[in-house]
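Here's the letter readout for the chains.
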Amino acid sequence: MYAFIMIQRYVNRGRRDVNRGQQEVNRGQRVVIRGQRVVNRAAFARICLVVAGCTTLALLSPSASFGQTGVIAGTVSDTSGAPLPGVNVAILESSRGAASRADGTYRIDDVPVGRHTIVASAVGFERTTRTVEISEGEDVRVDFVLREIAIQSGELVVTASRRERLTGGVAASVSTVTPEQISSRNAVALDDALRYVSGVQMAGNQINVRGSSGFSYNTGSRVLLLLDGSPMLRPDVNGIPYDAIPMSQVRRIEVLKGPGSALYGGGALGGVINVITRDYPDRPETAVDVFGGAYQPVRYEAWRSRWEDGDRPQPMAGISVGHARPLGKRSGVWTHVAYRYDAGHLRLDTRRNLQVFSKITAGLFGDARLRVLGGWTRRTSDNFLFWNGLEDPLNPGRIDFGREAGSSGSDDNLINELSLLPSYVDAVGSELLITARGRIFGVIIQPLDEEGNPRPISRGTTGLRYGGELQADYSPSSSRTITLGAIADANAASSSFFEEAGDISQPEIGGFFQWEESGIPGLTVAAGARFDAYRIRAGQVTSKLSPKLSASYALNDRMIVRGAFAEGFRVPSVLERFVSSTTYLPLVSNIDLRPETSRSYEVGLRAFPLLSGLSTTVDGAAFWSDYWELIEPTFVPAERAFQFVNLTRARIRGVEITGTITHPNERSTLQLGYTYLDARDLTMDRPLVFRSSHLLQLGATATFSGVRLGADFRYASRPDRVDSDFATFVKDAEKMVAIRVLDLRIGRTFGRLDATIHLKNALDYYYVERPAILAPPRHVILQLSTRL
Amino acid sequence: MAPAVTKRLSIRRVSAGVPEMSGLRLHWSITWIAAVLILLCTGCDSGLEPPAEAQVGVIDVQITYEGDSTWPPPDSLHDLRFVAMRFVPTDTADFLQLNRMVFSGRLRYNVASDTARISDVAAGPFLYSGVAQKFGTDVFAWRPVGLVESDDGVFFVRPGETTHVEVRVDFHDPPPFPPPQP
């Protein structure tokens, strides 16, 4: 402005000089020249005036930063007050905006003065706008409270990226199981809860996520189990301890479908299951859950007549008591004790399970928090290994190789499992989150003698898994998060079934890295990798680098597309490598087993269509996974024995569609999940064994006049191939049918007491989930729950 | 420079109202749709069931031991049985195919002749049968010491009937194993 004024003065002076020059023209040439100089000066001044004016206009534009801006900042939360991370807050018709951070705060700098419309949007929530007036140098606070428009999309999940993210913004297929779903179905063990997840199939006690696992006698799970983020695979067989989870204290179960080794390392070949336990409530509470019921005798006299108890209902019952309370402003504890008895629907199939768990959360200095979860599970079980043929499925079979005493199809054990999982979390400023986790998981298995007394530990199996990890989440801006971490774990086991005496150890170290960017509104890209190294035996180390790349893009507030690529691997378990036995079958060790590896691609779409005011979620995904060096137990003629070998090159591809429709007042819900699998053994050019092509889950709930109704239906087509070496000596092991199981329930609340009657397998349909073991027939359960 | 001025704007909740009556109709529609879908999927199939009454017969075996000093030493005679197979084995590993063979109880030692009877044998052909000796502790340490030779070793078990077979055993001149391929 000052320059403009000075230039104007210069122009005026020039004009005066021109006039003076004209008056002096009669005085001679020097005067004329002087006048011309004045004219030139005026012209130059006019040019300068134009340039100055243009410059002034440019400087006064909205992008100018000469103190004519302000700041808009605030928080974004949901209707319950919980902060919402990853919400896009933008100024309409401009490129300015920000994404809310993990604590829900956001900040937009350099906002020009004037009136603006700002919009907060996130998939699954009502788009909300505000109009603000910004004055020079002013900070305006605008807080948003977003209302959910679809229940599923509002969920926070952690497994897909090792930190909390909204489900809709995650570039992976993740299903969640809520405490309400666990309780309403009386799921007392983890496998009970997982049966109702789309794309998941239980093969006995083996989890099969999108066909990744098949059946391998629970040796070497291809799905990794985490408990509050820490691996929980048995140290001897790398199997999942389904009974070692305190189900009544679960806050959420997340099922990541697809390889997860880029973040979680070995074992996550086909997927990851993360069981997240609750912390503590705002007020003390005591929960008591009791259930009792019985298996109905099978309807075929030909089966019942071969078992002296075949005509009697077989009982089951259980009780769990949990108490939780705050201990201070940021501290609390819960304790859970549970006992369960199950006589079993088969002869010699009785189980008793005692479980004690506790978790303490302590707020330390600043934002630091310490959590310690510990538990002990004691279980006695008659292990029913295989039946006596389809003519006698209620009794264990025998394998007679020409000895007086043949090999029985039952195996009785006493199992003790101990776990200790401490974790420490601290926020360093607003950009850095540090998490440290430790874990100890031990197992002791003792065979039982004829009187049911445990034999010496030296005749059984012991195992210990211990280690820790350190993770840092760095968010230098609201659109970028960098995750770094390192782990170290050891895994030692000793068994009378192992070829080598003494402890066999398989230690590992690893490091992981992930970079997430969401600078472009609606687009999130993540890339990462993990490096793992395992010591197989002295002087021999195997290592694996597992990369991942994923992206998600919100087309609008109701539709988000995603794509992902990831690799996974599984290191053979100690048992697969070292087992050697002639007790039942000839088994020989194979210490040269190589890790299984996988590579997976997925594209998906998640939408929240408005349907006559209902809340709806639809998710569709197409996936393609390749597997190498899959380990299968097979008979090796050269060894004259069974052996775990790297046998198969496989490909599994398919599509999955899930949907949820909920009435706005939540009086009824309908859930549907369909998965198609094309599982191929490329080594032998034939279908993969024990994989169903079609999986269907249907679930419905409704409430009428306080009466709660629920139904769940599971369908799995008969596997295209069921032959196996197992079927050559176990009678009718190849007999498998499609699975069609309908569960019904009805319940009501009487004051503080919730009562529910369950009719499981209501149609009394007979099937097998794994070869040669009849699945439970129809059974009735009365469930009573109260909260004090 | 003037200090920054902070303003706080009020929060406005947005609610999406749904007419109660249309929601109730949809509520019932959802419930009935779910019930119909489940009933359609269940069908009338009841799953696994006991196999049809098996057509069974009996195998009756007459065994004759031949040759001087017929019997092997005790440390190489761990078991002795009559075994009938529904297939022709090509390796001792085929002895794991228990579902495709039947066998008698343990036979007597140091006798000149013996008999064996196997009941409840599912009807059908048996292609390779005879007396087998377990000569070691290994699960695969079996060898044939005498075979059913009539009709090229093939016989049929018919429902409700007894099939008679004869076996001549010579521990010092056992038949070759695996059997020569045709």
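Computed from a predicted structure; not experimentally measured.

**Some details on the overall build of chain B**
Helix and strand counts for chain B stand at one helix and 10 strands. Reading chain B from its N end, one meets helices and strands in the order β-α-β-β-β-β-β-β-β-β-β. Counting over 182 residues, chain B shows a buried share of 39%. Excluding contacts between residues fewer than 6 apart, the proportion of contacts in chain B whose partners are at least 24 apart in sequence is 74%.

**Section: the overall build of chain A**
What chain A contains, in helices and strands, is eight helices and 43 strands. Looking at chain A as a whole, 55% of its 788 residues are labelled buried. Pairs at least 24 apart in sequence give 62% of the contacts found in chain A among residues at least 6 apart. Element-wise, carbon and sulfur atoms account for 56% of the exposed surface of chain A, whose accessible area totals about 32300 Å².

**A few points about empty space enclosed by the protein**
Residues and elements named next belong to chain A. Applying the stated criterion across every chain yields a total of 10 cavities of 30 Å³ or more. In this structure, the second largest cavity occupies an estimated 340 Å³ of space. In terms of lining, the second largest cavity is formed by 30 residues, of which the most central are Ala 171, Ala 172, Lys 548, Ser 550 and Ala 564. Counting residues per element, the ones that place at least two in the lining of the second largest cavity are strand S16 (250–257), helix H5 (261–264), strand S30 (508–517), strand S31 (523–537), strand S32 (540–556), strand S33 (559–570) and strand S34 (596–607). Per element, the largest residue contribution to the lining of the second largest cavity is four residues, and it comes from S32. Taken together, the residues of the lining of the second largest cavity sort by class into 15 nonpolar, 10 polar and five charged.

**Brief notes about the pattern of salt bridges**
Residues and elements named next belong to chain A. By the definition in use, this model includes 52 salt bridges over all chains. In this structure, Arg 649 engages Asp 626 in a salt bridge whose closest nitrogen and oxygen atoms are separated by 3.3 Å. Taken together, the positions of Arg 649 in strand S36 (residues 641–662) and Asp 626 in strand S35 (residues 615–636) put the pair 23 residues apart, joining distant regions of the chain.

**Quick look at the environment of Gly 136 of chain B**
Residues and elements named next belong to chain B. As for its position among the elements, Gly 136 is in the loop between strand S7 (128–134) and strand S8 (142–147). Taking the relative accessible area as the measure of exposure, Gly 136 reaches 13% and is therefore buried. In the structure, Gly 136 is positioned 51 residues away from Met 85 in sequence and 21 Å away in space, judged by C-alpha atoms. Setting aside its immediate chain neighbours within four residues, Gly 136 contacts His 78 and Ala 141.

**So, the sheet that holds strand S10 (residues 162–169) of chain B**
Adjacent strands of a sheet form backbone hydrogen bonds with each other and so pair up, either parallel or antiparallel. Residues and elements named next belong to chain B. Judged by pairing direction, the sheet is mixed, and its three strands sit side by side in the order S5-S2-S10 without closing on themselves. Two strands bound the open sheet, and with one partner strand each, they are strand S5 (113–122) and S10. If you compare each strand with its neighbour and ignore which way they point, the axes differ by 20° on average. Across eight bridges, the pairing between strand S2 (residues 56–65) and S5 is antiparallel. Within the sheet, the bridge partner assigned to Ile 59 lies in S5 and is Ile 118.

**Describing the confidence of the model for chain A**
Considering every residue of chain A, the mean pLDDT works out to 82; 84% of them sit at 70 or more. Every residue in residues 1–66 of chain A is under pLDDT 50, and counting partners more than four places away or in other chains gives 29 contacts.

**Remarks on the environment of Glu 133 of chain A**
With respect to the helices, strands and loops of the structure, Glu 133 of chain A is situated in strand S6 (residues 128–134). Glu 133 of chain A sits 79 residues away from Ser 212 of chain A along the chain, and the two C-alpha atoms are 56 Å apart.

**Some remarks on a nonpolar patch on the surface**
Residue and element names in this part refer to chain A. On the surface, Val 290, Ile 319, Val 321, Tyr 339, Leu 709, Ile 746, Phe 750, Leu 753, Ile 757, Val 780, Leu 782 and Leu 784 cluster together to form a nonpolar patch covering roughly 950 Å² of accessible area. Here the nonpolar patch takes three residues from strand S43 (residues 779–787), the largest share from any one element. Position of Leu 753 relative to the elements: it lies in strand S42 (residues 753–760).

**Brief notes about unusual backbone geometry**
The linkage connecting Phe 177 of chain B with the following residue, Pro 178 of chain B, adopts the cis geometry, with an omega of 0°. Relative to the assigned elements, Pro 178 of chain B resides in the segment after S10. A positive phi angle, close to 55°, is found at Asp 685 of chain A, a residue other than glycine. Tracing the backbone shows Asp 685 of chain A in the loop between strand S37 (668–681) and strand S38 (686–687). With a phi close to 55°, Asp 764 of chain A is a non-glycine residue in the positive phi region. Note that Asp 764 of chain A resides in the loop between S42 and S43.

**A word on the sheet that holds S8 of chain B**
Residues and elements named next belong to chain B. Taken together, the four strands give an open sheet; going across it, the order is S4-S3-S7-S8, and neighbouring strands pair in antiparallel fashion. A strand with exactly one partner marks an edge of an open sheet, and here the two such strands are strand S4 (101–103) and S8. For this sheet, the mean angle separating the axes of adjacent strands, direction not counted, is 35°.

**Observations concerning the packing of aromatic side chains**
Within the structure shown, the criterion is met by 14 aromatic pairs over all chains. Measuring from centroid to centroid gives 5.5 Å for Phe 126 of chain B and Phe 155 of chain B, while their planes differ by 20°, and the two rings are stacked. Of this pair, Phe 126 of chain B sits in strand S6 (residues 124–126) while Phe 155 of chain B is found in strand S9 (residues 155–157), placing the two residues 29 residues apart along the sequence. Overall, the relative accessible area of 6% leaves Phe 155 of chain B in the buried class. Chaining the aromatic ring pairs together yields one cluster made of Tyr 65, Trp 71, Tyr 109 and Phe 171 of chain B. Just above the ring of Trp 624 of chain A sits the side chain of Arg 653 of chain A; from NZ or CZ to the centre is 4.8 Å. Lying across the ring of Tyr 196 of chain A, Arg 714 of chain A places its NZ or CZ 5.9 Å from the centre.

**With respect to the pairing of strand S14 (residues 223–227) of chain A**
Residue and element names in this part refer to chain A. Burial of S14 is extensive: five of the five residues sit out of reach of the surface. Neither face of S14 is left uncovered, since the one carrying Val 223, Leu 225 and Leu 227 and the one carrying Leu 224 and Leu 226 both have all their residues buried. Relative to strand S17 (residues 271–277), S14 runs parallel, the two sharing five bridges. Residue pairing in the sheet places Leu 226 in a bridge with Asn 274 of S17. In textbook terms, the turn of a hairpin is the stretch between consecutive antiparallel strands, and for S14 and strand S15 (residues 230–231) this stretch comprises two residues, one of which, Asp 228, has a positive phi near 50°.

**Some words on the side chain of Ser 546 of chain A**
Here Ser 546 of chain A shows up in strand S32. If we skip the residues at most four places from it in the chain, Ser 546 of chain A touches Ser 261, Ala 262, Gly 528, Ala 529, Arg 530, Glu 567 and Phe 569 of chain A.

**Some remarks on the side chain of Gln 514 of chain A**
Assignment of secondary structure puts Gln 514 of chain A in strand S30. Of the polar contacts made by the side chain of Gln 514 of chain A, one reaches the side chain of Glu 516 of chain A; its length is 3.1 Å.

**A short note on the environment of Phe 155 of chain B**
Residues Phe 155 of chain B and Gly 124 of chain B, 31 residues apart in the sequence, show an inter-C-alpha distance of 8.6 Å. Sequence-distant contacts of Phe 155 of chain B, that is, excluding residues within four places in its chain, are made with Ile 59, Ala 84, Gly 124, Pro 125, Phe 126, Ser 129, Val 148, Thr 163 and Val 165 of chain B.

**Here we look at the confidence of the model for chain B**
Fine structural detail should not be taken from predicted coordinates in areas where pLDDT scores are low. Residue and element names in this part refer to chain B. Per-residue confidence for chain B gives a mean pLDDT of 81; residues scoring 70 or more make up 77%. Considering each helix and strand of chain B separately, the mean pLDDT is smallest for strand S1 (residues 6–8), with a value of 40, and largest for S10, with 96. Below pLDDT 50 for its whole length, residues 1–21 participates in 34 contacts with residues either more than four positions away or in separate chains. Two summary scores accompany this predicted model of the complex, namely pTM at 0.79 and ipTM at 0.75.

**Points about the pairing of S32 of chain A**
Residue and element names in this part refer to chain A. Across 14 bridges, S31 lies against S32 in antiparallel orientation. Residue pairing across strands places Phe 531 opposite Leu 545, the latter belonging to S32. In this structure, the hairpin formed by S31 and S32 is closed by a connection of two residues, where Gly 539 is found at a positive phi of approximately 85°. Sheet topology note: the S32/S33 ladder contains eight bridges and is antiparallel. Across the sheet, Asn 556 pairs through a bridge with Met 559, a residue of S33.

What counts and how
- Residues numbered from 1 in each chain as written.
- Chains lettered and ligands numbered in written order.
- Predicted model: local features only at pLDDT ≥ 70, side-chain atom pairs only at ≥ 80, totals over all residues.
- Heavy atoms only, no water.
- Helix = DSSP H or I, 4+ residues; strand = E, 2+ residues; numbered from the N terminus.
- Buried < 20%, exposed > 50% of the residue type's maximum accessible area, 1.4 Å probe, protein only.
- Contact = heavy atoms within 4.5 Å.
- Areas by Shrake-Rupley, 256 points an atom, 1.4 Å probe, with all protein chains shown as cover.
- 1 Å grid on protein atoms, 1.4 Å probe; cavity = no way out; pocket = protein on both sides within 12 Å on 5 of 7 lines; lining within 4 Å.
- Points joined across faces, edges and corners; volume = space filled by probe spheres on them.
- Nonpolar A, V, L, I, M, F, W, Y, C, P; charged D, E, K, R; others polar.
- Salt bridge = Lys/Arg side-chain N within 4 Å of Asp/Glu carboxyl O.
- Pairing = 2+ DSSP bridges.
- Axes fitted to C-alpha atoms, helices over the stretch in contact; angles between N-to-C directions.
- pLDDT = per-residue confidence, 0-100.
- Patch = residues over 30% accessible without salt bridge, like charges linked within 9 Å, V, L, I, M, F, W, Y side chains within 5 Å.
- Phe/Tyr/Trp six-rings, centres within 6.5 Å; stacked < 30°, edge-to-face > 60°.
- Lys NZ or Arg CZ within 6 Å of the ring centre and 35° of its normal.
- Polar contact = N/O pair within 3.5 Å; in protein donor to acceptor, adjacent residues only side chain to side chain.

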